[in-house]
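Structure assessment
For reference, the chains in residue letters:
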Amino acid sequence: MAALYEGYTLCGLVPTQDLSNSCIRGIEQERDSDHVLVTDSTRSVTLYKVSDQKPLGSWTVKQGQTLTCSAVFNSQTKEYVAVSDNKMIRIWKEEDILLDKAFKATVSSDIWRVQSVNGGEPVVLFQRGAVRLLDSLLSAPQQPIEEVLAQEEAIRWSTNIVAETQQFVIFTTEQKGDNFLYLQGLNPNTLQRYRLEGEEPGLIPLSFSASYRDKHICLLYLYPNGHVYQSVVPVRGLGTEEGTHALPLPRSLQMALPVGEGLLEAATALVLDEAHVAVVGVPHPSAGAGKDFLCIWNTNFQTLQAGKEMAGKIYGQLWCYSNKLFIPHGKTLSVIPFVCPKSSLASALGKLRQAKTEGELKEFHILLMMTTHVDLMLLSTQRSNRKTQSTPCLTTDQVLEFIKTAPVEDVQKEVEGLLSRSDMQDSQPSVGQLVSILVSRSLSDPAFYTPSTLAQLVQTQCLCHSVCPDFVLLALERKDYFLCQLCLQFFPDIPEAVTCACLKAFISGGDNCPVGLHKAVLLCLIVLTSFSSIQLFLQYLQFLYLKYSQDAFPQTHGLRSPSLAQIMDWVCLVLDAHFTVLVMTPEAKGLLLNLHNYVKSQVRLVSELGKIESSLQALHQMKVKKDVGQYSIEVIELF
């Protein structure tokens, strides 16, 4: 089942006069999955390291000039390529500071976009549909550029894909309400034009997304009425018929998304894999009006699998690189990690059931009680006579009803029996429903709590925080720290606020290390998760680092232990976040002095090691004498 994890801010958005525009022109992946280029809608290109949310470089054109397409990274030459004022191509390296002093070339026709794929040569797509490889264009920048598009036909969207060994430039156009798809193959050069089937009069696609699978190029497009279509073009045979004559392009309806009242205005559907689509700007089916969500839908089963509310205005823009979604909203550009494991029908339906409103669930349970009334009466009779008769296996729905009112011991027995059955192997939806009901009853009835059953359900690894957001809070309320430990270990999407609540609970007791063994295990789990008595936490981090670095506190095999790098990251994080408070707190003076002295000693050690670095390198370069006999002593003088 797909999941959206806790997101983080990559950068703020520069305000523009056009409030409907996010000011982001484009986002492109750079050298690897942890680096992206962000081009704003005016003058700047910025390189970010995603994991650190830090800008590594920024380049700006002069006042009065405008970047008219997103910058890309040329992986062949390790250079950046952008276009300003539609005709000027700019190329620079990371160490260049001023764009005005970097390479520039002016071409003879307006450029729509420069596109690049990892390992391939960048491609220039002109506004009138012509395509050139970058090197070929730069060899003669003023070469004449042909017009491929008809009059009043304009490009609306473009991308490029490597299919088998050939690169394709894909773009869509609009002409008087009609929409077309162009596939431009490179080496050998081929061009094919398709006409998209029309929707309701006046409706044109809001977004396009393309992918390549099973030797076919798949185009996904979203209309304002919420209809999501897919058209498939086989790659084999594309070169046999070349020209601009438009062939009809069949389509199939993938989903009909909820649109509420009226039509969608700024929305995007982005292909994640063969079964999942990320959607932004479309109403959540279970949320109230006025709320904007980022959602993942399963196209095979047409079910909502994950949703996250996004604060501020949604601009209908979305990018995806390396299992991370980049979405501008309000005044920020956020990064949302996600996973999309292969889905079964059962897991898809399970997520659909979780998205139902409370009223729908009540109606469902009333219907269930009516249809299983006789079975439940029979169950009651069998329980009164269980000393002489064995209880038959209950269905999942019967167990769900039974645990709402049955005693703790009986509930534990039935749930454990249900989980042990072979037909529960794909138990994700059932586990989610069991946990929701158990947690709901535990919160409303202080006398009811099934810790062993809840722990067993967590260890099925079929759960996540978003399935039952009250799960961890219930464990904290009951001070069931073992259950909290399991949740931190197995739930991939625990929000930072819940993690902080766990941290406060874990350090609230009074032990000695400065904490006891049990508390140390729990705190290690917090260190292993994403990001307070802060002073006590710093003492423990210092204790961990000293013990692990001196090997006097060996990491126990089989237990999850933080690495030295993780410990130092947390020390730096806590110090950066609370430095002013710590400096002004007299009780923290000794701790800060200890940390300062330790860092000072480490700097001294590194300095001494640096002095002998050249000598050590010289040892590696020395030639070893071949004839040294069975035993020899050699004196080496280091200067």
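Throughout this description, residue numbers start from 1 for each chain and increase along the sequence as written. Given that the model is predicted, a residue must reach a pLDDT of at least 70 before its local features are reported, and side-chain atom pairs must reach 80 or more before they are shown or counted; all residues, however, enter totals for whole chains, interfaces and linings. Each side-chain value is derived from all of the structure's non-hydrogen atoms; neither hydrogens nor water enter the calculation.

Convention followed: UniProt positions are given in the numbering used here, feature names are shortened, and annotations may be inferred rather than shown by experiment.
As annotated in an unreviewed UniProt entry, the chain is Nucleolar protein 11 from Scophthalmus maximus. As its UniProt record puts it under Subcellular location (unreviewed entry), the chain is described as follows: "Nucleus, Nucleolus".

Quick notes on the overall build of the chain
Using the following cut-off: Elements are defined by DSSP. Helices are runs of H or I of four residues or more, strands are runs of E of two residues or more, and each kind is numbered from the N terminus. Type-normalised accessible area, obtained with a 1.4 Å probe on protein chains alone, sets the label of each residue: buried when under 20%, exposed when over 50%, and partly exposed for intermediate values. All accessible-area figures derive from a Shrake-Rupley calculation using a 1.4 Å probe, and residue coverage is judged against the displayed protein chains alone.
Along the chain, the regular secondary structure elements total 16 helices and 29 strands. Per-residue burial for the chain yields a buried fraction of 47% across its 639 residues. Summing over all exposed atoms, the chain offers an accessible surface of approximately 33,200 Å²; the carbon and sulfur share of this is 53%.

Some remarks on the nonpolar core
For clarity, the cut-off: We define the nonpolar core as a collection of buried residues of types Ala, Val, Leu, Ile, Met, Phe, Trp, Tyr and Cys that are connected through side-chain atoms lying within 4.5 Å of one another. Here, residues are in contact when the closest pair of their heavy atoms is within 4.5 Å.
Membership of the largest hydrophobic core comes to 72 residues, with the highest contact counts inside it found for Leu457, Phe471 and Leu538. At ten residues, helix 13 (residues 534-549) tops the list of elements feeding residues into this core. Apart from residues lying up to four places away in sequence, Phe471 is in contact with Val435, Val439, Leu454, Val458, Leu483, Cys487 and Phe491. One finds Cys69, Ile91, Ile145 and Ile155 within the second-largest nonpolar core, a separate group that totals 28 residues.

What to know about the side chain of Asn160
You can see Asn160 is positioned in strand 14 (residues 154-163). A residue is classified by how much of its surface remains accessible, and Asn160, at 11% relative accessible area, is buried. Beyond its immediate chain neighbours, meaning those up to four positions away, Asn160 contacts Gln115, Ser116, Val117, Gln167, Phe168, Val169 and Ile170.

As for the side chain of Glu121
The condition that has to hold: Only four residue types enter the tally: Lys and Arg on the positive side, Asp and Glu on the negative side; His and the chain ends are excluded. A pairing counts as a salt bridge when a side-chain nitrogen of Lys or Arg comes within 4 Å of a carboxyl oxygen of Asp or Glu. For this analysis, a polar contact is any N or O atom pair within 3.5 Å, provided that within protein one partner can donate a hydrogen and the other can accept it, and provided that sequence-adjacent residues contribute only side-chain to side-chain pairs.
Relative to the assigned elements, Glu121 resides in the loop between strand 11 (111-115) and strand 12 (123-126). Despite its burial, Glu121 pairs with no opposite charge; the closest candidate is Arg132, at 11 Å N-O. A polar atom in the side chain of Glu121 sits 3.4 Å from the backbone nitrogen of Leu134. A polar side-chain atom of Glu121 sits 2.8 Å from the main-chain amide nitrogen of Asp135. Ignoring anything within four residues of it in the chain, the contact list for Glu121 reads Gln76, Leu133, Leu134, Asp135, Ser136 and Gln167.

Things to note about the environment of Phe448
Summarising the element assignment, Phe448 is placed in the loop between helix 7 (428-444) and helix 8 (451-458). Residue Phe448 is classed as buried on the basis of its relative accessible area of 2%. Along the backbone, Phe448 and Ala406 are 42 residues apart, and their C-alpha atoms lie at a distance of 9.8 Å.

Digging into helix 11 (residues 496-506)
The test is simple: It is the directions from the helix axis to the C-beta atoms whose arc is reported.
Along helix 11, the residues classified as buried are Val498, Thr499, Cys502, Leu503, Ala505 and Phe506. Taken end-on, helix 11 shows its buried residues confined to a sector of 165°, consistent with a single buried face. In helix 11, the exposed residues that point more than 90 degrees away from the buried face are Ala497 and Lys504.

Looking at helix 14 (residues 564-584)
Selection rule: What a helix is expected to span follows from its residue count: subtract one and scale by 1.5 Å. The bend at a residue is defined as the angle formed between two axes, one fitted to the seven residues ending at that residue and one fitted to the seven starting there.
Between the first and last C-alpha of helix 14 there are 28 Å, a value that for 21 residues agrees with the 30 Å anticipated at 1.5 Å per step. Of all the bends in helix 14, the greatest measures close to 75° and is centred on His578. Burial in helix 14 covers these residues: Ile567, Trp570, Val571, Val574, Leu575 and Leu582.

Examining the environment of Gln535
Take Gln535: it is sitting in helix 13. Gln535 sits in the partly exposed class, given a relative accessible area of 22%. In sequence terms Gln535 and Leu575 are 40 residues apart; their C-alpha atoms lie 9.8 Å from each other. Aside from chain neighbours lying at most four places away, what touches Gln535 is Glu587, Ala588 and Leu591.

Here we look at the packing of helix 10 (residues 481-490) against helix 11
In a pair of packed helices, the angle between the axes and the distance between the axes together describe the arrangement. Our working rule: An axis is simply a line fitted to the C-alpha atoms; with a helix, the fit covers only the stretch in contact. Between two such axes, the angle follows the N-to-C directions and lies from 0 to 180 degrees. In a left-handed crossing the near helix is turned counterclockwise from the far helix by less than a right angle, and in a right-handed crossing that turn is clockwise. Polarity classes work like this: nonpolar for Ala, Val, Leu, Ile, Met, Phe, Trp, Tyr, Cys and Pro, charged for Asp, Glu, Lys and Arg, and polar for all others, with Gly in that last group.
Across the interface, helix 10 lies against helix 11 with an axial gap of 12 Å and an inter-helix angle of 145°. Judged by the twist between their axes, the crossing of helix 10 over helix 11 is left-handed. Only Cys502, Ala505 and Phe506 of helix 11 make contact with helix 10, whose side of the interface consists of Tyr481, Cys484 and Leu488. Residues belonging to the contact of helix 10 with helix 11 are distributed by class as follows: six nonpolar, no polar and no charged.

Some details on the sheet that holds strand 10 (residues 103-106)
Which entries qualify depends on this criterion: Here, a strand pair is defined by DSSP locating no fewer than two bridges between the strands.
The sheet built from four strands is open, its strands ordered 7-8-9-10 with antiparallel pairing. Looking at the sheet topology across the chains shown, the edges are occupied by strand 7 (67-74) and strand 10. Ignoring which end each strand starts from, the neighbouring axes of this sheet average 20° apart. Here four bridges tie strand 9 (residues 88-92) to strand 10, and the two strands are oriented antiparallel to one another. Bridge pairing links Met88 to Thr106 in strand 10.

Details of the pattern of salt bridges
Per the stated rule, a full pass over the model turns up 14 salt bridges. Residue Glu174 is joined to Arg156 by a salt bridge in which the shortest nitrogen-to-oxygen separation is 2.9 Å. Taken as a pair, Glu174 in strand 15 (residues 166-175) and Arg156 in strand 14 lie far apart in primary sequence, 18 residues in all. Among the residues examined, Arg156 registers a relative accessible area of 49% and is labelled partly exposed. Of the charged contacts in the structure, one is a salt bridge between Lys404 and Glu401, with a shortest N-O distance of 3.2 Å. The class for Glu401 is buried, based on a relative accessible area of 9%. Within this structure, Glu30, Arg31 and Glu94 form a network of salt bridges that share partners.

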